[in-house]
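# Overview (structure and organization)
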Amino acid sequence: LLNDLKITLIRTSKVGKTSLIMSLVSEEFPDEVPLRAEEITIPADVTPERVPTHIVDYSEAEQSDEQLYQEISKANVICIVYSVNNKKSIEKVTSHWIPLINERTDKDSRCVASCQVFKLTVFEICILLNKCSAKNLKNISELFYYAQKAVLHPTGPLYSPEDKEMKPSCIKALTRIFKISDLDNDGILNDNELNFFQRTCFNIPLAPQALEDVKNVVRKNMSDGVKDNGLTLKGFLFLHTLFIQRGRHETTWTVLRRFGYDDDLELTQEYLFPLLKIPPDCTTELNHNTYLFLQSVFDKHDKDRDCALSPDELKDLFKVFPCMPWGPDVNNTVCTNEQGWITYQGYLSQWTLTTYLDVQRCLEYLGYLGYSIIQEQESQTAAVTITRNKRIDLQKKQTQRSVFRCNVLGARGSGKSGFLQAFLGRNLARQKRIREDHMSYYAMSTTYVYGQEKYLLLHEVLPDFEFLSEADLVCDVVCLVYDISNPRSFEYCAKVYKKHFLDSKTPCVIIAAKSDLHEARQYYSLSPLDFCRKHKLHPPQMFTCNTDEAPSKDICTKLTTMAMYPHMTQADLKNSTFWLRASVGATVFAVLGFAMYKALLKQR
C-alpha cells in the first residue's frame, strides 16, 4: 500500500471546487472562499483506509500551466469538479481536461470524475455520486473516500466492465489463493478451511449462519459453486466477482494483499524475498516446524499414498508456482522409487538442499506455497535456522548442525558420479538408464550417526585442481576418488591433497572406486595405502556400485561422522568400535524411522 496519498482537484469553471475542500475541513460552508485553498493533510487515523491523505487545490487564476502539469504528475488521484447543470462545464471535461491529463500521466494513473460517468480508455472511472454539494455538505467526505478507494483498491486490474467478468490475472491469483487455502487438496473449501481463510484475511471468524448464508448465495446463482457443503473454486471466484460488481472490491484487494500481491497482481519482492542476513561461516537449515509444513504439503498431494510423488502429483503441487521449479536433474539429486518418482525422503532432501545452497530461492518457493500465511508467521524467514559459526563448533568440539557438505574430487572417469548415485541407492545397472543431460553434480540424502538423522550433501567437483575455486574447497569433509583399475587415476588425488588439503583442518577420505575390477599398480611414487599412512589418513575405502542390490552406504555414514567430529584424530577414526557403534545406530534408526512414517501415513 501507499505510504501516503495525494488528491488533486481541478475544475471546468467556477463550480465550487475550493468550497468542497474547505467544507470538508470545517464541516460548514465557508462565507468567504479564496481563489485556492492551501494544501491540506488528513492524518491516517481519521481516514477510512488508514493512509495519510494530501488534498491539493489547483487554481488557473493563481497558477501557471507548468505548475498544473507538475501537480498532475505528482497526484495519485485527480478529481475533475464540474457543474451538473452547466452544459459547457460538462463538455469541457471530455474536450479539454481528460485529453490533457491523458497526455501528462501514465497508464496507471487514476482519474475520478465527480458527479458524472464518462467512458475513458486510459483512466479508471470511479462512479461517485449523483450530486455533490459543498453548500449543503452533501457527499463531500464520500467524494474523498472514493478518491482514496480508486487508488488503494483499483477496479481496473480486477475486472473488465465491458466483458462483465474478472480479468485473467485476477482469476490466476485467486486460484492460487484457493489452492493454498484448500488444506486437504480436495478441491473444496470446507467450513474449517473457510474459517481459517476468513481469520487469515480479516482477523475474525465467520459465524455458522454467516457461512451458510455465503454458500446459499452461491447455490442460488450457480449449480456447481457448492459441493459436499463446501465452496468450489468456481464458487470462490463467483463470490469475488460479486464483491467487485457490488463495489466492494476492497474485500478482494484485502485477500490479494494478504497473500502477497501488489497492484499489478504480482507477488511483491518483500513477500517473496524477505531480508535474511547470513553471517560468514554459517549455514542455513530448515527448522522442525518447516519440515512439518512441507510434510503436510507432500501428504495432501500424495493422493495414492505410495510415499512418492508421481509426475501428475508433482505438477499439481507446483500449480501455485509461476513455473515448474524442479527440472529432471532433481530426480537424480535425491532418492526416487523404482519408477523414478521422488519419494518422501527425496522430497525433503531437495528442500534441504535448496535451503543450504540457495536460501533466497528457498524463501521464494516457500512464499509460493503460502508458508507464512498457513504457519501464521510474519515472513518465510521464520522457516530457516542459521547455524552458528563453524569455528565455534570446532572450539566446543560439538555441532548443532544437521546438514553436512562433502566435496567429491577425482580425475575424469574415476567414478565420482557413480559414487554420488550409489548414495541415492542406485546400482550401476540403474545408473546406466540415466540420461547424460539429466545428471546432477549433487546428491542429497539422510544418514544416521549415533541414532541422529543427518543430511549429507555430496558435491562432485569438476576435475581441474589448478583452478579450484574457494567454493570448491569450502566443505565439512573431502572425498578423493580414484579408479583402482586405472594406473594414472590416483596421481590426481595425491596432487589435490598436497596442494589444497595437506595443511587444512578439513577431514579427508580416499575412496578406491570400482573395486570389483582388477586392481592396477598406480603410477605414483607411493601406493595409495602408503600415501595414507604417510599423511595419517584413514586407509583407502574400497567401493563399487556394480552390485545386484543397492550399493552400501557405510562410507557415507563415515563421511558424515567425520564431518560431525572434525576434531577427532585419525587414530580415533581408525578404531573399529567407533565405526561399529555409528553404523549400527544408523541401521536401527533408518529402519525405525521408515516404519514410523508408514504408521503415521496409515493413520492419515
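Residues numbered from 1 in each chain as written. Predicted model: local features only at pLDDT ≥ 70, side-chain atom pairs only at ≥ 80, totals over all residues. Heavy atoms only, no water.

Moving on, we come to the overall build of the protein. Within the protein, the secondary structure is distributed over 24 helices and 20 strands. The 604 residues of the protein split such that 52% are buried. Taking as baseline every contact in the protein between residues at least 6 positions apart, the subset at least 24 positions apart corresponds to 67%. For the protein, the computed accessible surface area is about 29,900 Å², with 51% contributed by carbon and sulfur atoms. (Helix = DSSP H or I, 4+ residues; strand = E, 2+ residues; numbered from the N terminus. Buried < 20%, exposed > 50% of the residue type's maximum accessible area, 1.4 Å probe, protein only. Contact = heavy atoms within 4.5 Å. Areas by Shrake-Rupley, 256 points an atom, 1.4 Å probe, with all protein chains shown as cover.)

On to the nonpolar core, then. If you look at the biggest cluster of nonpolar residues, it comprises 73 residues, and the most contacted ones within it are Tyr347 and Trp351. Ignoring any residue separated from it by four or fewer positions in sequence, one finds Trp351 in contact with Leu286, Leu294, Trp326, Cys362, Tyr365, Leu366 and Leu369. With 29 residues, the next largest nonpolar core counts Leu420, Leu424, Val449 and Leu458 among its residues. (Core = buried A, V, L, I, M, F, W, Y, C linked by side-chain atoms within 4.5 Å.)

In this structure's numbering, the residues bearing the UniProt feature "domain: EF-hand" (unreviewed entry) are residues 289-324. In residues 289-324, the share of helix is 56% and the share of strand is 6%. The end C-alpha atoms are 25 Å apart. (UniProt positions renumbered as here; feature names shortened; annotations may be inferred.)

Strands belonging to one sheet form pairs held by backbone hydrogen bonds; the direction of such a pair is parallel or antiparallel. Judged by pairing direction, the sheet is antiparallel, and its three strands sit side by side in the order β8-β10-β9 without closing on themselves. Edge positions in the sheet fall to β8 (188-189) and β9 (226-227), since each has one partner strand and no second. Along the sheet, helix α8 (residues 233-245) makes contact with β8 and β10 (230-232), crossing β10 at roughly 80 degrees. (Pairing = 2+ DSSP bridges. Axes fitted to C-alpha atoms, helices over the stretch in contact; angles between N-to-C directions.)

Next up on the list: the state of the cysteines. The full count for this structure, using the stated rule, is zero disulfides. As a non-bridged cysteine, Cys493 has Cys479 as the owner of its nearest cysteine sulfur, 8.8 Å distant. The class of Cys493 is buried, set by a relative accessible area of 0%. Counting only cysteine sulfurs, Cys475 is the nearest neighbor of Cys508, a cysteine outside any disulfide, at a range of 7.7 Å. For Cys508, a relative accessible area of 3% gives the class buried. (Disulfide = S-S within 2.5 Å.)

Once that is clear, we can look at the pattern of salt bridges. If you walk through the whole model with that rule in mind, you get 16 salt bridges. Of the charged contacts in the structure, one is a salt bridge between Arg257 and Asp263, with a shortest N-O distance of 2.7 Å. Residues Lys319 and Asp316 are paired through a salt bridge, measuring 3.8 Å at the closest nitrogen-oxygen approach. For Lys319, a relative accessible area of 56% corresponds to the exposed category. The buried category is assigned to Asp316, whose relative accessible area is 17%. Through salt bridges with shared partners, a single ionic network connects Arg388, Lys390, Asp393, Arg401 and Asp476. (Salt bridge = Lys/Arg side-chain N within 4 Å of Asp/Glu carboxyl O.)

Turning our attention to the pairing of strand β17 (residues 452-460). The buried count for β17 comes to seven of nine residues, which makes it a mostly enclosed element. Here six bridges tie strand β15 (residues 403-410) to β17, and the two strands are oriented parallel to one another. In the sheet register, Asn407 faces β17, and the bridge partner there is His459. Sheet analysis places strand β16 (residues 442-449) next to β17, joined by eight bridges and oriented antiparallel.

Our next topic: helix α17 (residues 416-423). In an α-helix, one turn spans 3.6 residues; hence positions three or four apart end up facing the same way. In terms of residue burial, α17 counts as a mostly covered element, since seven of its eight residues are buried. Three or more residues of α17 are buried, namely Lys416, Gly418, Phe419, Leu420, Gln421, Ala422 and Phe423. Buried positions along α17 lie against β15, α18 (428-431), β16, β17, β18 (477-483) and α22 (554-564).

Right, let's talk about the packing of helix α11 (residues 288-301) against helix α13 (residues 344-357) for a bit. Running from N to C, α11 and α13 point in directions that differ by 130 degrees, and their axes come no closer than 11 Å. Taken as axis vectors, α11 and α13 run oblique relative to one another. Our pair here, α11 against α13, has a crossing hand that is right-handed. On α13, the residues that touch Tyr291, Leu294, Gln295, Val297 and Phe298 of α11 are Tyr344, Tyr347, Leu348, Trp351 and Thr352. Looking at side-chain class alone, the contact of α11 with α13 contains eight nonpolar, two polar and no charged residues. (Parallel < 35°, antiparallel > 145°, perpendicular 65-115°, else oblique. Left-handed = near helix turned anticlockwise from the far one by under 90°. Nonpolar A, V, L, I, M, F, W, Y, C, P; charged D, E, K, R; others polar.)

Bringing the side chain of Thr241 into the picture now. Inspection of the secondary structure assignment puts Thr241 in helix α8. Contacts of Thr241, omitting those with residues within four sequence positions, involve Tyr159 and Met166.

Another aspect to go through is α11. Its 14 residues give α11 an end-to-end C-alpha distance of 20 Å, which sits within 8% of 20 Å, the value for a rise of 1.5 Å per residue. All of the buried residues along α11 are Thr290, Tyr291, Phe293, Leu294, Gln295, Val297, Phe298, Asp299, Lys300 and His301. Residue Asn287 occupies the N-cap position of α11, its side-chain oxygen lying 3.3 Å from the main-chain nitrogen of Asn289. (Expected span 1.5 Å × (residues − 1). Polar contact = N/O pair within 3.5 Å; in protein donor to acceptor, adjacent residues only side chain to side chain.)

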